[in-house]
Amino acid sequence: MESIDRKKHWENIYATKELKDVSWYESTPTTSLNFLEQFNIPKSAKIIDVGGGDSLFVDHLLELGYMAVTVLDISAAALERAKERLGDRALEVKWIVADAATFIPTEKYDFWHDRAALHFLTEEDEIENYVEAIKEGMTETGVLILGTFSEQGPTKCSGIEIKQYTETSMTDRLSKYFNKVKCITVDHKTPSDKMQNFIFCSFKKIPA
């Protein structure tokens, strides 16, 4: 799918569905929060949530006292919804409207979080561009968290075909720049009571 079509698709999704109606909704993003605790990410860390949309991860980050949070999404409508929900606290967050496939970071992050953005990139050049962006956009001691549908998960999301990953395929994809720390599988229950199996992997940069 061309990036312009992808953007139109997501703008339409966020214009027609409420927060609690989308399949990826989580009132508490437990898996993501557990990674913060596991790696003892300091409150001063620069954090980016790629594909964050109007998810509640940013709310929890602010509540925990994180002071340098960026949320990136292809949909401006999604970010506007998140800003409205946060009210004045939205001023504490940097908001970036961009497609992960073509994103070029302008600063470096200590914690790069991506729950279900990578698996929408199905073309080889898009994936390569994104991996390069992650490498360029992370500090040397940064932590990378990637979550995608596993091979036991769906093959589509919101009408778009996705790329499933295994621990091996995700690790191989990142192996040029990153060492795997740990991978886990997680069953996510959607608002419509369907189960979606995810794989989450954590990585650290290979020392230069």
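Provided above is the structure to which this section pertains.
Residues numbered from 1 in each chain as written. Predicted model: local features only at pLDDT ≥ 70, side-chain atom pairs only at ≥ 80, totals over all residues. Heavy atoms only, no water.

**A word on helix α6 (residues 167-174)**
Part 1: By the burial criterion, the buried members of α6 are Met170, Thr171 and Leu174. Viewed along the axis of α6, the buried residues span an arc of 100 degrees, placing them on a single side of the element.
Part 2: Buried positions along α6 lie against α5 (124-136), β5 (138-149), β8 (178-189) and β9 (195-205). (Buried < 20%, exposed > 50% of the residue type's maximum accessible area, 1.4 Å probe, protein only. Helix = DSSP H or I, 4+ residues; strand = E, 2+ residues; numbered from the N terminus. Arc of directions from axis to C-beta. Contact = heavy atoms within 4.5 Å.)

**A short note on the state of the cysteines**
Part 1: In total, this model carries one disulfide according to the counting rule given.
Part 2: Across the disulfide from Cys183 sits Cys201; the S-S distance is 2.0 Å. Judged by the torsion about the S-S bond (110 degrees), the Cys183/Cys201 disulfide is right-handed. Here Cys201 lies in strand β9 and Cys183 lies in strand β8, a separation of 18 residues in the sequence. There is no split in this pair, since Cys183 and Cys201 are both buried. (Disulfide = S-S within 2.5 Å.)

**Describing the nonpolar core**
Part 1: Counting 32 residues, the largest nonpolar core has Leu36, Ile41, Ile47, Trp95 and Phe111 as the members making the most contacts within it.
Part 2: Of all the secondary-structure elements, those providing two or more residues to this core are α2 (30-38), α3 (57-64), β2 (68-73), α4 (76-86), β3 (93-97), β5 and β9.
Part 3: One finds Ala101, Leu118, Met138 and Cys201 within the second-largest nonpolar core, a separate group that totals 28 residues. (Core = buried A, V, L, I, M, F, W, Y, C linked by side-chain atoms within 4.5 Å.)

**Quick word on the pairing of strand β4 (residues 109-115)**
Part 1: Among the seven residues that make up β4, six are buried, leaving the element largely enclosed by the rest of the structure.
Part 2: Sheet topology places strand β1 (residues 46-50) next to β4; four bridges connect them, and they run parallel. In the sheet register, Ile48 faces β4, and the bridge partner there is Trp112.
Part 3: Pairing of β4 with β5 involves six bridges; the strand directions are parallel. Across the sheet, the residue bridging to Phe111 is Val143, located in β5.
Part 4: Crossover β4 to β5 through α5 is right-handed. (Pairing = 2+ DSSP bridges. Right-handed = clockwise from strand over helix to strand, strands pointing away.)

**Some remarks on the packing of aromatic side chains**
Part 1: All told, the structure shown has six aromatic pairs when counted by the stated rule.
Part 2: Their ring planes at 35 degrees and their centres at 6.2 Å tell us that Phe35 and Phe200 sit as a pair that is tilted. Pair noted here: Phe35 is in helix α2 and Phe200 is in strand β9, with a separation of 165 residues, a long-range link. Each member of the pair, Phe35 as well as Phe200, carries the same accessibility label: buried.
Part 3: Ring geometry for Phe103 against Trp112: centres 6.2 Å apart, planes inclined by 50 degrees, an arrangement best described as tilted.
Part 4: The structure contains a cluster of three or more aromatic residues connected by ring pairs, namely Phe35, Phe149, Phe198 and Phe200.
Part 5: Over the face of the ring belonging to Tyr66 we find Lys43, whose NZ or CZ atom lies 5.1 Å from the ring centre. (Phe/Tyr/Trp six-rings, centres within 6.5 Å; stacked < 30°, edge-to-face > 60°. Lys NZ or Arg CZ within 6 Å of the ring centre and 35° of its normal.)

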